[in-house]
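What the coordinates show
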Amino acid sequence: MKDKVGAVLVVGGGIAGIQASLDLANSGFRVYLLDESPSIGGTMTQLDKTFPTNDCAMCILAPKLVMAGRHPNIELIMGAEIKSVEGEEGHFQVALVRKPRYIDEEKCTGCGVCARKCPIEGIDEFNEGLGERTAIYVKYPQAVPLVYAIDRDKCIGCGTCQEVCKAGAVKYDEKEKRIALHVGSIILSPGFEEFDPKLKGEYGYGRYSNVVSSIEFERILSASGPYGGIVLRPSDGKVPRKIAFIQCVGSRDAKIGNNYCSSACCMYAIKEAIIAKEHNPDLQCTIFFMDVRAYGKEFDAYYNRAEEEYGVKFVRSRVPQIGEVLESQNLLVKYVEDENPATEEFNLVVLSVGMRPPKHAEELAKTLDIKLNKYNFCSSETFSPLETSRPGIYVCGAFSSPKDIPESVAQASGAAAKAASSISSAREMLTTVKEYPPERDVSGEEPRIGVFVCHCGINIGGVVNVPEVVEYVKTLPNVAYAEHNLYTCSEDTQKRIHEIIKEHNLNRVVVASCTPRTHEPLFRETVREAGLNIYLFEMANIRDQCSWVHMHEHEEATEKAKDLVRSIVAKTRLLKPLKKPMIDVTPIGLVIGGGLSGMTAALELAKQDFEAHLVEKEKELGGHLRHIHYLLGSEDPQERLGSIIKEVTENEKIHVHLNSELSDVEGYVGNFKTTLNNDGEKKEIKHGVVIVATGAMEYNPNEYLYGVDERVVTQRELEERLTNGGFNAKTVVMIQCVGSRNGEHPYCSRICCSQAVKNALKIKELSPETDVYVLYKDMRTYGFLEDYYREAASKGVLFINYDDENRPRLVQENGKLKLTVWEPVIKTWTPIEPDLLALSVATLPNPDNEHIAKMLKVPLSKDKFFLEAHMKLRPVDFATEGIFLCGLAHWPKSIEESISQACAAAARAATILSKEALEVEGAIANVNEDFCSGCKICESVCAYNAIEMKEVDGKPRAHVLEALCKGCGVCGSSCPTGAISMLNFTDDQILAQVRAALKEETKYD
Amino acid sequence: MMFRPKIVGFLCNWSLPQEVNTTGTGIIQGYPKIRIVRVMCIGRIDPVIVLETFVKGADGVLVIGCHPPDCHYIEGNLQAERKIKMLKKLISRTGLEPERLRLDWAYASETELFATIIDDFRTQVAVLGPSPLAGKKPDENVLAGIMAAKAVTGDSRLRTLVGREKELIEEGNVYNEKVEQEEFDEVMNESIDEEYVRSRIRLLVKDRPMSVEGLARHLGLDPKKVLRHIVVLRHRGLVALDKIEREDPLYIALEVT
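For every chain, the first residue of its written sequence is number 1, and the numbers climb from 1 along that sequence. To read the labels, note that chains go from A and ligands from 1, taken in the order they are written. Local features are withheld for residues below a pLDDT of 70 in this predicted model, meaning they are given only at 70 or higher, and side-chain atom pairs are given and counted only at 80 or more; totals for whole chains, interfaces and linings count all residues.

1. Focus on the overall build of chain A
Each helix corresponds to a stretch of at least 4 residues labelled H or I by DSSP, and each strand to a stretch of at least 2 residues labelled E; elements are numbered beginning at the N terminus. Helix and strand counts for chain A stand at 24 helices and 52 strands. For 1005 residues, the compact-globule estimate of 2.2 N^0.38 gives 30 Å, and the C-alpha radius of gyration of chain A, at 30 Å, lies within 12% of that figure. Dimensions of chain A, computed from C-alpha atoms along their principal axes, come out at roughly 100 × 80 × 60 Å. Comment: burial labels come from other C-beta atoms within 10 Å of the residue's own C-beta, placed from the backbone, where a count of 20 or more is buried, 12 or fewer is exposed, and between is partly exposed. Expressed as a percentage of the 1005 residues in chain A, the buried residues total 54%. The contact rule is simple: place each C-beta atom from the backbone, and if two of them lie within 7 Å, those residues are in contact. The long-range share in chain A, meaning contacts at least 24 apart out of those at least 6 apart in sequence, stands at 72%. When we talk radius of gyration, it's over C-alpha atoms, and the globule rule is simply 2.2 Å times the number of residues to the 0.38.

2. Let's talk about the overall build of chain B
Helix and strand counts for chain B come out as 9 helices and 7 strands. Principal-axis analysis of the C-alpha atoms gives chain B an extent of 70 × 55 × 30 Å. Among the 257 residues that make up chain B, the fraction classed as buried is 40%. In chain B, the share of contacts with a sequence separation of at least 24, taken over all contacts with a separation of at least 6, comes to 70%.

3. With respect to the sheet that holds strand β38 (residues 712–714) of chain A
Pairing between the strands of a sheet comes from backbone hydrogen bonds, and it takes one of two forms, parallel or antiparallel. Residues and elements named next belong to chain A. DSSP calls a pair of strands paired once it identifies at least 2 bridges connecting them. Across the sheet, 5 strands lie side by side as β38-β45-β39-β40-β41; this open sheet has parallel pairing. At either margin of the open sheet sits one strand with a lone partner, and together these are β38 and β41 (798–801). Neighbour to neighbour, the strand axes of the sheet diverge by 25° on average, direction disregarded. Only the stretch in contact is used when fitting a helix axis, every axis being a line fitted to C-alpha atoms; angles between N-to-C directions are given from 0 to 180 degrees. Set on the sheet, helix α17 (residues 715–724) makes contact with β38 and β45 (836–841); between it and β38 the angle comes to about 95°.

4. Some words on the domain arrangement of chain B
All names here are of chain B. According to the domain assignment, chain B consists of domain 1 (7–128) and domain 2 (140–253). Residue ranges assigned to the domains are those given by an automatic or database domain assignment. Domain 1 and domain 2 are separated by 28 Å when their C-alpha centres are compared. At the junction of the two partners, domain 1 supplies 18 residues and domain 2 supplies 17 residues. Breaking the side of domain 1 that touches domain 2 down by element, the ones donating at least two residues are α2 (47–55) and α3 (76–92).

5. Describing the confidence of the model for chain B
All names here are of chain B. A residue's pLDDT is the confidence the predictor assigns to it, expressed on a 0 to 100 scale. Looking at chain B, pLDDT values average 90 and 93% of them are 70 or higher. Within the model, pLDDT remains below 50 along residues 21–28, and this stretch shows 16 contacts once partners closer than five positions in the same chain are excluded. Taken over the whole predicted complex, pTM reads 0.91, whereas the ipTM for its chain interfaces reads 0.89.

6. Focus on helix α18 (residues 752–766) of chain A
Residue and element names in this part refer to chain A. With 15 residues, α18 should reach 21 Å at 1.5 Å per residue; the first-to-last C-alpha distance of 21 Å fits that figure. Along α18, the residues classified as buried are C752, C753, S754, Q755, A756, V757, K758, N759, A760 and I763. Buried residues along α18 sit in contact with α17, β39 (731–738), β40 (771–776), α19 (786–794) and β45. Residue count minus one, scaled by 1.5 Å, sets the expected span of a helix.

7. Let's talk about unusual backbone geometry
Residue and element names in this part refer to chain A. F51 connects to P52 through a cis peptide bond whose omega is -5°. Locating P52 in the fold gives a position in the loop between β3 (49–50) and β4 (55–56). The backbone phi angle of N54 is positive, close to 60°, even though this residue is not glycine. With respect to the helices and strands, the residue N54 is situated in the loop between β3 and β4. For D369, which is not a glycine, the phi torsion comes out positive at approximately 60°. Along the polypeptide, D369 turns up in the loop between α8 (361–368) and β24 (393–395). The exposure class assigned to D369 is exposed, which follows from the 12 C-beta atoms found within 10 Å.

8. Quick look at the confidence of the model for chain A
Taken as a whole, chain A shows an average pLDDT of 94; of its residues, 99% reach a score of 70 or greater. Note on residues 1001–1005 of chain A: pLDDT under 50 across the span, and 6 contacts to partners over four residues away in sequence or across chains.

9. Thoughts on the nonpolar core
Residue and element names in this part refer to chain A. Each nonpolar core consists of buried Ala, Val, Leu, Ile, Met, Phe, Trp, Tyr and Cys residues. Their C-beta atoms, within 7 Å, join them into a set. Membership of the largest hydrophobic core comes to 389 residues, with the highest contact counts inside it found for I270, I691 and F884. No other element matches helix α21 (residues 895–913), which puts 12 residues into this core. Filtering out sequence-adjacent residues up to four positions away, I691 remains in contact with G589, V591, I592, A601, F884, C886, A905 and A909.

10. So, the environment of L810 of chain A
All names here are of chain A. Assignment of secondary structure puts L810 in strand β42 (residues 809–813). Residue class for L810 comes out buried when judged on the 21 C-beta atoms lying within 10 Å of it. The spatial distance from the C-alpha of L810 to the C-alpha of Y704 is 6.1 Å, given a sequence separation of 106 residues. Dropping the residues within four chain positions of it, L810 is found in contact with Y704, L705, L817 and L819.

11. A few points about the packing of helix α7 (residues 181–204) of chain B against helix α8 (residues 212–219) of chain B
All names here are of chain B. Put simply, α7 and α8 touch, their axes get as near as 11 Å, and they point 115° apart. Crossing hand, α7 versus α8: right-handed. Side by side, α7 and α8 meet where V197, R200, I201 and L204 of the first sit next to L215, H218 and L219 of the second. Ten residues, namely Ala, Val, Leu, Ile, Met, Phe, Trp, Tyr, Cys and Pro, are considered nonpolar, four, namely Asp, Glu, Lys and Arg, are considered charged, and the remaining ones, Gly among them, are considered polar. Counted by class, the contact of α7 with α8 contains 5 nonpolar, 1 polar and 1 charged residues. Crossing handedness: left-handed means the near helix sits turned counterclockwise from the far one by under a right angle, and right-handed means the same turn made clockwise.

12. A short note on the sheet that holds strand β43 (residues 816–823) of chain A
All names here are of chain A. Judged by pairing direction, the sheet is antiparallel, and its 3 strands sit side by side in the order β42-β43-β44 without closing on themselves. One side of each edge strand has no neighbouring strand; the edge strands of this open sheet are β42 and β44 (828–832). The sheet shows a mean angle of 25° between the axes of neighbouring strands, taken without regard to direction. In the sheet, β42 pairs with β43 via 5 bridges, with the strands oriented antiparallel. In the sheet register, Q812 faces β43, and the bridge partner there is L817.

13. Some details on helix α24 (residues 987–999) of chain A
Residue and element names in this part refer to chain A. Helix length check: α24, at 13 residues, gives a terminal C-alpha distance of 18 Å against a target of 18 Å (1.5 Å per residue), a fit within 8%. Listing the buried residues of α24 in full gives Q989, Q993 and A996. Around the axis of α24, the buried residues are gathered within 70° of arc, so they sit on the same side. α24 presents D987, D988, R995, L998 and K999 as exposed residues on the side facing more than 90 degrees away from its buried surface. Along its buried surface, α24 packs onto α14 (554–573). This arc corresponds to the set of directions leading from the helix axis out to the C-beta atoms.

14. Quick word on the environment of E106 of chain A
Residue and element names in this part refer to chain A. Position of E106 among the secondary structure elements: in the loop between β7 (91–98) and α3 (113–117). In this structure E106 comes out as exposed when scored by C-beta crowding, with 10 C-beta atoms within 10 Å. When the C-alpha atoms of E106 and K673 are compared, they prove to be 47 Å apart, with 567 residues separating the residues in sequence.

15. Quick word on the pairing of strand β20 (residues 331–337) of chain A
Residues and elements named next belong to chain A. As defined by bridge partners, strand β19 (residues 321–324) adjoins β20 across 4 bridges and the pair is classed as antiparallel. What sits directly across from I322, in β20, is V333. Linking β19 back to β20 in an antiparallel pair, the connection comprises 6 residues, with Q329 at a positive phi of about 60°. Both β20 and strand β21 (residues 340–346) contribute to a ladder of 7 bridges, which runs antiparallel. When the sheet's bridge partners are listed, K334 is paired in β21 with T343. Between the end of β20 and the start of β21, which pair antiparallel, lie 2 residues, with D338 showing a positive phi angle near 50°.

The structure is reproduced here in structure tokens:
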């Protein structure tokens, strides 16, 4: 058999595609990241804030965009689509067609002058049509690649852009290009399409100016959006006082054929309401909903905050129609409250539009020969949620089912694991490792600083007098050379900087241009190629801080630019070369927990050729899955469990440790040493990473006579009865949220609604005449699970809503169970006499979590589940490097979700295990042991567990774990004795910068 | 007596009748209220200058160049024609009658034709009456419109379009396609509309902040459209939010150097 190809094609450059690409590229594979649009980022770039952390979407996404854009092993192919895919797993030949962009990606510097001069305007799709953009454009200011594109449909071909482009990047004769790729795996992450609210004519979208879609509202909320972050109505630019949010527009709607739930809309509507209220506290927000589906991690807490802290009003009603008041263009929202029809007037209505499969889903499926489900989303199975119907092609993100960002990110990493394991023999076959010249020793040399000041086309040069800055800089001490460049970042300037470093024997370099966040890596690369240590480079941001913010004050901007450059030169004089330490990696994983998640993670590691230790405290593998006998789908869980256990136990690379627990963990990323306790027998294991998959436990209820009356059972016990033939009830009542969403456990346990629906359907299948009641607070059958909820209802299962004020009441009377239920439709307490009462009990965090968290030094959430590094974009990482998380240990979740996360944890782990040694940050904290008093303050303030105390001459002394230190400097500024200095940002360096900044009085003071 | 309009004539060096130049006895002298400004080619006539001429009180502006296809400068007259066409469209939005501006063709030798043109134009303008901008109390609305138009013609968007029109239609664009006149006119009309309104908005909010509603009332426009223009003007850094009064954000023009 021929060798596999160590490259992966990722189709779709949204957050899922980006994450998958980064994970693959960081574990030794070449990645082609394809997108139809001119830049990556997908829908997330349009969002204002994200729930439940209210992080700014762009702020957390931008670093990933930059990373993907600059990664040596990721090639971005923009404006392209797939024409054909031949071959099979491990060897695909893919034919692509790339539409012309008309701009040379190599030459365009993104300065934006072309767009300022373009005379043609059209609708700005990025701002959802709320503004205009020119025919030559970038989708958004931070776009990656930051390369303009010509919208050929709008362009009249006047040629102005070519004339104003100083970089010579415009090429009108560019033709459609055919590209042939050879890849081993393919990942599909084409995302979703927003539901077109015009199809719901009764809501008047498109006819009424003040009815907007939720994504339009995101742009309205955004500070970089069309209204500059003030919430306004499109009809007249007035600030609305009352906003209505209408849920399930294009979701859960049989009439238009989208029966499924779009999963994310409840939360984004709540977020939009909260953020709108933060903009304007007097605003009244009302959300019209059917069920509030706040089923994710800490979502219910967010929902409660919206209601209690922010005063967002929630009305349970499907809105049948919206009308417009002619004069004011206000909207009349019709709804039903307490069974009475009502109408309320609002200034603005936001339609929470659902997710549709991507526009070209059918075409894509045909080209790739993969199956779609009945809604045209990608088809996958419960136990293989990341696999399409064609081997070697994987799926993640909203294309497999509507989902939010963290789940898309987890799936993306998971798909990366899958894509990698099928070609793991070809790891590092196609990646490039750059060779650098040896570093020049500059010690003992007087600083010779070279300063390069950038015009950025006219971006800086149009405001700041750049030549004047250069002349000034030349007068500064230790500046051996200074010049200005049209674009300091252009390819030819890099060559020039290289030559000048040599020619003038420079030993430090300063670039005065834009932001180090995007450009520092490029210039560091350049100085490194010229033989200088990368820490001998510094940047002054005279674009953002001068030309942009003082656009109309040329003189003052120029003076400020001089001040900024002078102060950064002062710091640069004191720069010292630093080493980036390399730490060895033990290519072995430790997985804690032998349930479905743990086994999957171990298997994925093994498939990628890494050894794995799988530690299970019970005497057998399988965890909760052992109690699941049937699913909503057709797969047999016990049969699958059996084959997974077999696969795990037969895999040579996996070492299973049953009846074992962790008794001690030492070390850090790449080099852990863990002691296992197997019935008193200690065993030491060396490993490079840890995956926490410790699962969760079921709540043991003390409500509703559980344990008192044997007719009261949990859903799991009901499932056992339904499987083993012990079921013969005529009336079954199920009560949801037993132990969840209450004072003790305020969160939603996520899986119980679908578990109840599953058992209700089973009852109806076995005994159709049995009456089944489900008493619920909100039915949270998100995504395609909604189909089963609908099916249960159609089979006669009665769903009755209750709230905290009207909980069902249960008594035992004359040997019978008597349940009184508040019937909200007829508004009376209704008696039911169930033969069987099934409680949908909460999923509780594993009580071992606290102990394990302490050993691993990782945090728990306030609900005592493990707390990941970032809820949105790092769902399976811990802040401490080398430790990962998956499954129920993270939060209650389904089988599919557990498998996706377990694969994700394996992929994240592989980014470390695949390296022989890790290069770590050089600009880290440094302890002078002579000054250290051993007070441990540094240890307590470090968020990364990068400081530990070591005995030196019998006294505790702070010791920095180089592998873990991120260089934030918090320890240094907290140290009472001044023993810690932060390399590259030492006190001396910062103070030199401050002094120089203030040395000369500026003219404009 | 019939109203005798003040007319400014922009004539090219090569179509200017000899009589005017030398003897002063020609037919043109027959109408004393015309003032001739000589340029080498009417291609030089910058729209800003024509508008400024109206601001200063001219009742009519007459531009006369050589008959196409002749032009001493190859095709300056045709370039002028496109500018005047754009100008007339723009002027028609300001409240000033576009008939107060005329472009015509004559050779230096065609003194009779000159007479006819001038006479005809003078009659046409006389019928319109005095310019709303003439006299001591110019009509404020029209003046505001013309000032806005003047600012627009000084800006790059329309100048770029007019400057490229001939090439795009006659020779083809950068993709080697000829642009249809109709298609171009559509783009041009839209651009004129947009830039004119934006310019008016900018001038209106120069000294005092105004709301979208206030602007819409003032301009007789749909507030929805005004808001879209505010979005663009803010994006261009020409207008900023000043403050929010009750439910109305007020916008103010930014100083641009």
